[in-house]
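Fold and geometry: a report
This is what each chain is made of:
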Amino acid sequence: MPSQRKKYEYLEHTADIKFQAYGDTLEEVFENAALAMFNVIIDTEKVSGETEREVILRSPDMESLLVDWLSELLYLFEVDEIVFWKFQVKEIREEKGEYSIKALASGENYYPESHPFESEIKAVTYNQLELKKNTVGWKAQVVVDI
Amino acid sequence: MVESENTFTEESGTESVHRGVKSMVRKLSDNDWEIPKGQVPKMRVPGRLFVSENLLEGIEPETIDQIANVATLPGIQKYSMAMPDAHLGYGFAIGGVAAFDAEEGVISPGGVGFDINCGVRLIRTNLQKEEVVPHIKRLTDELFNKVPAGVGGKSRFRASDKELDSVFLEGAKWAVEAGYGVDADVEHCEGNGCLEGADTSHVSTKARKRGKPQLGTLGSGNHFLEVQYVDKIYDREVASAFGLEEGQVTVMVHCGSRGAGHQICTDHLKELSRAVKKYGIEIPDKQLTCAPAQSKEAQNYFKAMLCAANYAWANRQMITHWTRESFEKVFGRDADDMGMSLLYDVAHNVAKLEDHIIDGRKKEVYVHRKGATRAFPAGHPEVPSAYRDVGQPVLIPGSMGTHSFILCGAKGSMDISFGSACHGAGRIMSRAHAKKEFHGQTIKEKLEAHGITVRATHPSVIAEEAPGVYRSSSEVVNVVHELGIASKVARVIPLGVAKG
């Protein structure tokens, strides 16, 4: 079993990138999945800054909410030119058969020339997507298209 | 490779991996394997995998399952197939081709992929290798500086909303009219660089926002801009029709629809995941989300996908223009004087409404090609008049530092593969593994020792895309040649590569 101290880890995938994120709560596993995704793009340890974006989303199920959350962050990264490193998921709720998320993402405004980007993520896929609760907490598995 | 060739036998493999794969397929002939119905539940047709016995060893069992999964979708015709460069994708395998009845079938974004109309074009020159080699470092630098690449790479051109609409509707034609090329460029693109039926009302504000600053950029990953020379001619007659000869310098552009296409796919996947429930379609993998071909949801996706496909053609057209400018600057000559004309431009990731003969009867089908190239033979009305007597040019990029191939569509493609062939080499090693195995700077130096100049935004890109992470493109190309779906015409070797 993965230690709950580990926030995330990368797994083998031939063409794309697969990772698992862990958390004691659903909110935490969403935060760690976002961190795992941004660490594909850049070493987030080298990023600082407090430019904030609020993310509020609604999706038909929990797994789709995870894909939508990560896709939204990817969109904000590209369009608002912010590389995120800190995530605070305030609440994930189930209401009338739908799931919603309210979160804050913080990061640094970037200039392509000034940041040593590692890889470009094209999109977040539904392939091998998992979001499960086990005895030690939550586990999410995501494949991103490179 | 040699060792495994010697030890590989029909009955038992040397490793558990290919023993597993062999038990999933049935040999029909050399290069042709059937994935029988029953590989996964509810297959409507069998699967077909076009690989040599040697390449079969490298195919992952999950890829076989993905080919089989596609065979469960409604309205699929003949069989779900994969080309010799097949590898694990999401939903559909990369290298996958599937045709669905235009009335009874489905349209699936997973059969196209996120990078809609990722594709390749080849620009001819009348320069000889010897004329270019002394200037290759400067030329590669110039191309790298002129064509933005890499994560977050922004274009020097910022499209207005009106211009973006024209890009989505008119593709390469818009670019040429805006001054990025000549009329002949458009005539030498698949579908004249513009697919009809695009409708911008199905393109979200998000897709527009991502698309605007990226028009005229290369992107990252396996995309590249490469100066090459023809080192081998396989078929003199066809090569002459294509205007190719030994020693001639060519330029290859490999990129797609950038963030606009990625966002269009993401947006419509979400819509279609609702539709799949609404229409009660059973799918074995969420990434195979689809809707009945004539439903509002499927048609909305299709019309938006056409916008992205056209964006990609405009994108490659602008890069062509800057390529011509780079050559003009370095050689101090006019692009026309250097014979810089477009040989052809093909899409690798696209769905199209085409006519095919099925069971002796002409039928309209939505052909999905995900990591596969259209390969129409001689005489097909969609082949540009200049090539109609020999067949459509099929461009197969190699991995960084290795050969690329120019083929022509052959007769067998219409019988065997819905007019399709392979698209590349096919990845065999993960990016993470590649980064551990290879060191970007070392690879760069090795390639330079072989006379290949590489410029990339980041050394890790070079490691991730090292030649060793792909299977040999010559082996892949030999399969489609032997099957008679596309014939080898010429081989090119890189001199200078610019990467994201």
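Read on for a plain summary of the structure. In this text the structure is predicted, and so the values were computed from the model without any measurement.

Reading guide: rules and limits
Residues numbered from 1 in each chain as written. Chains lettered and ligands numbered in written order. Predicted model: local features only at pLDDT ≥ 70, side-chain atom pairs only at ≥ 80, totals over all residues. Axes fitted to C-alpha atoms, helices over the stretch in contact; angles between N-to-C directions. Helix = DSSP H or I, 4+ residues; strand = E, 2+ residues; numbered from the N terminus. Parallel < 35°, antiparallel > 145°, perpendicular 65-115°, else oblique. Contact = placed C-beta atoms within 7 Å. Nonpolar A, V, L, I, M, F, W, Y, C, P; charged D, E, K, R; others polar. Pairing = 2+ DSSP bridges. Core = buried A, V, L, I, M, F, W, Y, C linked by C-beta atoms within 7 Å. Buried ≥ 20, exposed ≤ 12 C-beta atoms within 10 Å, placed from the backbone.

Right, let's get into the packing of helix H7 (residues 161-170) of chain B against helix H13 (residues 296-331) of chain B. Residue and element names in this part refer to chain B. Two elements in contact, H7 and H13, have axes whose closest approach is 6 Å; the angle formed by their N-to-C orientations is 100 degrees. On the basis of their axis angle, the class for H7 and H13 is roughly perpendicular. From H7, Val 167, Phe 168, Leu 169 and Glu 170 reach across to H13, where they touch Cys 307, Asn 310, Tyr 311 and Ala 314.

This paragraph deals with the interface of chain B and chain A. At the junction of the two partners, chain B supplies 39 residues and chain A supplies 30 residues. Here the side of chain B that touches chain A gets 7 residues from one element, more than from any other, and that element is helix H12 (residues 258-278) of chain B. Each residue belonging to the side of chain B that touches chain A can be placed in one class, and the counts come to 9 nonpolar, 20 polar and 10 charged.

Right, let's get into the sheet that holds strand E5 (residues 98-109) of chain A. Residue and element names in this part refer to chain A. Strand order across the open sheet formed by 3 strands is E3-E5-E4, with antiparallel pairing between neighbours. Strands at the two margins of the open sheet, each flanked by one partner only, are strand E3 (51-59) and strand E4 (82-95). Strand after strand, the sheet turns through a mean of 15 degrees between neighbouring axes, direction not considered. Its contacts with the sheet place helix H1 (residues 26-41) against E4 and E5, and it is angled at close to 155 degrees to E4.

Turning our eyes to something else, we now look at the nonpolar core. Nonpolar side chains in soluble globular proteins tend to end up buried together. Grouped together as the largest cluster of nonpolar side chains are 215 residues, with contacts concentrated most on Ala33(A), Leu70(A) and Met305(B). The element contributing the most residues to this core is H13(B), with 17 residues. Those residues in contact with Met305(B), other than ones at most four positions away along the chain, are Val112(B), Ile116(B), Ile264(B) and Ala351(B).

A few words now on the sheet that holds strand E5 (residues 92-101) of chain B. Residue and element names in this part refer to chain B. Read across the sheet, 7 strands follow the order E1-E2-E3-E4-E5-E13-E12 without closing on themselves; strand pairing throughout is mixed. With partners counted over all chains shown, the strands left at the sheet margins are strand E1 (26-29) and strand E12 (349-358), one partner each. On average, adjacent strands in this sheet sit at an angle of 45 degrees to one another, irrespective of strand direction. Examined bridge by bridge, strand E3 (residues 47-49) and strand E4 (residues 80-90) share 3 bridges and lie parallel to one another. The residue of E4 that forms the bridge with Leu 49 is Ala 82. In this fold helix H4 (residues 61-70) packs onto strand E2 (32-35), E3, E4 and E5, with an angle of close to 110 degrees to the strand it touches most, E4.

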